[in-house]
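# Structural description and commentary
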Amino acid sequence: MAELVFFSGTMDCGKSTLALQMDHNNSARGRQGLIFTKLDRMGESVLSSRLGLSTPAIEVSDHLDFWDAVVERLTQGVRVDYLICDEAQFYTPVQVEQLARLVDELGIDVHAFGITADFRTELFPGSRRLIELADRVLVLGSRLGETDWWGKAPYWGDPSAQEVAQVDIDGETLGNIRGVRFAVRADALEFAPQYPLW
């Protein structure tokens, strides 16, 4: 069953490295995917990690329609089993809804990676919508609580339909978010490439 999975964490916790590894692992199993990114550190149309690894990617503009982009490829006979979506915090809420539709209606796995909030601790619109819609959320090295940073209820999806895993080096923060299925005390940079949770 296809899923929308949101890998969230602080800057420099290994999200883009994990995105590259997820693509490699899927490809090694014979699966075909598309890689998307927006505003990558190395420039346009590339997904890169701070480790120096990179791969070509489709640059996401505010006008890109994920549904149309994937359906066009499918109608041309191109197989699409999964999407890797890096820097997803910069995607529009409508684009995140399109990703969820690809999962639900076409059975395509979507792996989205991004930070949740800006320097003012305000949620990015793309991240907010991902937190609401994702089937699974993996929190890498972040502390998320029962309320957002302004004391309001968090923007989580339905607890009966969404699993959350948290990885943090500080054991005191583990389990401080609702519905944690897995709580792992580890350095997110060392843990993320292993990704043994799901």
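As a reminder, the structure under discussion sits directly above these lines.
The rules we used
- Residues numbered from 1 in each chain as written.
- Predicted model: local features only at pLDDT ≥ 70, side-chain atom pairs only at ≥ 80, totals over all residues.
- Heavy atoms only, no water.
- Core = buried A, V, L, I, M, F, W, Y, C linked by side-chain atoms within 4.5 Å.
- Buried < 20%, exposed > 50% of the residue type's maximum accessible area, 1.4 Å probe, protein only.
- Helix = DSSP H or I, 4+ residues; strand = E, 2+ residues; numbered from the N terminus.
- Contact = heavy atoms within 4.5 Å.
- Pairing = 2+ DSSP bridges.
- Phe/Tyr/Trp six-rings, centres within 6.5 Å; stacked < 30°, edge-to-face > 60°.
- Lys NZ or Arg CZ within 6 Å of the ring centre and 35° of its normal.
- Axes fitted to C-alpha atoms, helices over the stretch in contact; angles between N-to-C directions.

Core analysis: the largest hydrophobic core is formed by 30 residues, its most contacted members being Phe 36, Phe 66, Leu 83, Cys 85, Tyr 91 and Leu 99. Listing elements by their share of this core, those giving two or more residues are strand S1 (4-9), strand S2 (33-37), helix H2 (66-75), strand S6 (82-85), helix H3 (93-106), strand S7 (109-114), helix H4 (125-133) and strand S8 (136-140). Ignoring anything within four residues of it in the chain, the contact list for Leu 83 reads Leu 34, Phe 36, Val 70, Leu 99, Leu 102, Ile 108, Asp 109, Val 110 and His 111. Of all hydrophobic cores here, the second largest spans 20 residues; its members include Ile 35, Leu 47, Ala 57 and Leu 140.

Next up on the list: the pairing of S8. Of all 5 residues that make up S8, 5 are buried, and the element is covered over most of its length. Along S8, one buried face is formed by Arg 136, Leu 138 and Leu 140 and the opposite face, lined by Val 137 and Val 139, is buried too. The pairing of S1 with S8 spans 5 bridges and is classified as parallel. Among the inter-strand pairings, Phe 6 is bridged to a residue of S8, identified as Val 137. Both S8 and strand S9 (residues 163-168) contribute to a ladder of 5 bridges, which runs parallel. Opposite Arg 136, over in S9, you have Glu 163 as the bridge partner.

Taken as a whole and assessed by the stated rule, the structure comprises 4 aromatic pairs. Their ring planes at 70 degrees and their centres at 4.9 Å tell us that Phe 36 and Phe 66 sit as a pair that is edge-to-face. Here the residue Phe 36 occupies a position in strand S2, and Phe 66 occupies one in helix H2, the gap between them amounting to 30 residues. Across the pair, Phe 66 and Phe 36 agree in class, each one buried. Seen from their ring centres, Phe 90 and Phe 124 are 5.5 Å apart, and the 80 degrees between their planes marks the pair as edge-to-face. With Phe 90 in the loop between S6 and H3 and Phe 124 in the loop between S7 and H4, this pair connects stretches of sequence that are 34 residues apart. Note on Phe 90: relative accessible area 29%, which makes it partly exposed. On the basis of relative accessibility, which here comes to 16%, the residue Phe 124 falls in the buried class. Of the aromatic side chains, those joined through ring pairs into one cluster are Phe 36, Phe 66 and Tyr 91. Lying across the ring of Trp 67, Arg 101 places its NZ or CZ 3.6 Å from the centre. Over the aromatic face of Phe 119 sits the side chain of Arg 120, whose NZ or CZ is 5.5 Å from the ring centroid.

Residue position: Val 60 is located in the loop between strand S5 (58-59) and H2. Note on Val 60: relative accessible area 2%, which makes it buried. Measuring from C-alpha to C-alpha, the distance between Val 60 and Gln 95 comes to 9.6 Å, with 35 residues separating the pair along the chain. In this view, Val 60 contacts Phe 36, Thr 37, Lys 38, Phe 66, Tyr 91 and Gln 95; residues no more than four positions away in its chain are not counted.

Taken together, the 8 strands give an open sheet; going across it, the order is S5-S2-S6-S7-S1-S8-S9-S10, and neighbouring strands pair in parallel fashion. One side of each edge strand has no neighbouring strand; the edge strands of this open sheet are S5 and strand S10 (180-185). Seen against the sheet, helix H1 (residues 15-28) touches S1, S2, S6, S7 and S8 and runs at an angle of roughly 160 degrees to S7. Contacting S1 and S7, H4 crosses the sheet at an angle of about 130 degrees to S1.

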